[in-house]
Amino acid sequence: MTRAAFFDVDHTLTTSVGLFRFLSYWYAATGRPPHHYVRERQRFKAMTAAGIRREETNRAYFGLYAGVDRALVEGLARDWFTAELTAGGHFNEPVLTALHDHRAAGDLIVLVSGSFPALLEPLADQVGAHHILCSEPETDPVTDTYTGRLVRRPHQPMIGQAKADAVRLFAAAHRIDLAASTAYGDHVSDVPMLETAGRAVRVGCDPTLRQLGARSGWGYLPGAPDPHPLPLPDPAAVRIPERLLP
């Protein structure tokens, strides 16, 4: 059987929440004023403060893309990722080093994230990940635009218990020895996934993870530093066909 290393992405492998970093980039590229991003960011913070579960805020986030051309998002996502690499500081270096060590040892590298393919595929190419398990926005088969919903299949969105269930299903399909595998996460919502692997590594200082890790003998890696400022694009320099604009 094969070993694998399962990595949460935001604030584990990377230093920021990609969904919101990209949202600010997308709004700027399509000519929306900065207060549109601020308004949406505050709305999601208010939802979290009100105790709304991460699964529901994740679903609400993808509602922002209703009616938007998939090709537009994917193209801007590649530009965004290039901008992140150019700005520097995109990766949590101790975790990136661990990923490279796993890959060198022959382990399958699997990214497990509530983000979506447009943002994760450039990242997977950059770090040499073999597979992505993630939230998947639904697209209209006729217009190839996002519907604002997630696909209707299990493990959506890829948050909390869904991560663990998806990891187990993936392991069964790919003959992965979970007892010999490793999982990395930074947040209490990653606990179900961390508990699927024979070795778990908590990243950062989440107090619940610290307590669980102390009882269970989990490994530890430093949390992600603050991300570098992200230069936003000038919409005049981004040539987007008018038919693709939201």
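Everything discussed here concerns the structure shown above.
Note on numbering: residues in each chain are counted from 1, in written sequence order. Local features in a predicted model are, by the rule used here, given only for residues with pLDDT of at least 70; side-chain atom pairs are given and counted only at 80 or more, and totals for whole chains, interfaces and linings are based on all residues. Side-chain metrics rest on all non-hydrogen atoms present in the structure, leaving aside hydrogens and water.

Asks: Is there a simple way to think about the side chain of Glu40 in this case?
Replies: Helix and strand assignments follow DSSP, with helices taken as H or I runs no shorter than four residues and strands as E runs no shorter than two, numbered in order from the N terminus. Summarising the element assignment, Glu40 is placed in helix H2 (residues 34-49). Given a relative accessible area of 9%, Glu40 falls into the buried group. Contacts are assigned to residue pairs with any non-hydrogen atoms lying within 4.5 Å of each other. Leave out the neighbours within four places in its chain, and Glu40 touches Leu23, Tyr27 and Leu64. Working definition: with a 1.4 Å probe on protein chains only, accessible area under 20% of the residue-type maximum means buried, over 50% means exposed, and in between means partly exposed.

Asks: It is not clear to me how the sheet that holds strand E7 (residues 199-203) should be interpreted in this structure. Could you clarify?
Replies: Hydrogen bonds between backbone atoms are what pair the strands of a sheet, whose relative direction is either parallel or antiparallel. For two strands to be treated as a pair, DSSP must find no fewer than two bridges joining them. One open sheet holds the six strands; their spatial order is E3-E2-E1-E6-E7-E8, and the pairing between them is parallel. Of all the strands in the sheet, just strand E3 (131-134) and strand E8 (219-221) have a single pairing partner and so form its edges. Averaged over all pairs of adjacent strands, the angle between their axes in this sheet comes to 20°, without regard to strand direction. Here strand E2 (residues 108-113) pairs with E3 via four bridges, running parallel. Following the sheet pairing, Ser113 is matched in E3 by Cys134. To get an axis, fit a line to the C-alpha atoms, keeping to the stretch in contact for a helix; angles then go from 0 to 180 degrees between the N-to-C directions. Against the sheet, helix H6 (residues 117-127) engages E2 and E3, with an angle of about 155° to E3.

Asks: I keep staring at the packing of helix H1 (residues 18-29) against H2 and nothing clicks. Help me out?
Replies: Packed helices, taken two at a time, are described by their axes: the angle between them and the distance between them. One can describe the packing of H1 onto H2 by two numbers: an axis separation of 9 Å at closest approach and a directional angle of 155°. Judged on the interaxial angle alone, H2 and H1 are roughly antiparallel. Crossing handedness for the pair H1 and H2: right-handed. Mapping the contact onto sequence places Phe20, Leu23, Ser24 and Tyr27 in H1 and His36, Tyr37, Glu40, Arg41 and Phe44 in H2. By definition in this entry, angles of less than 35 degrees are roughly parallel, angles greater than 145 are roughly antiparallel, angles of 65 to 115 are roughly perpendicular, and the rest are oblique. Left-handed describes a crossing in which the near helix is turned anticlockwise from the far one by less than a right angle; the clockwise case is right-handed.

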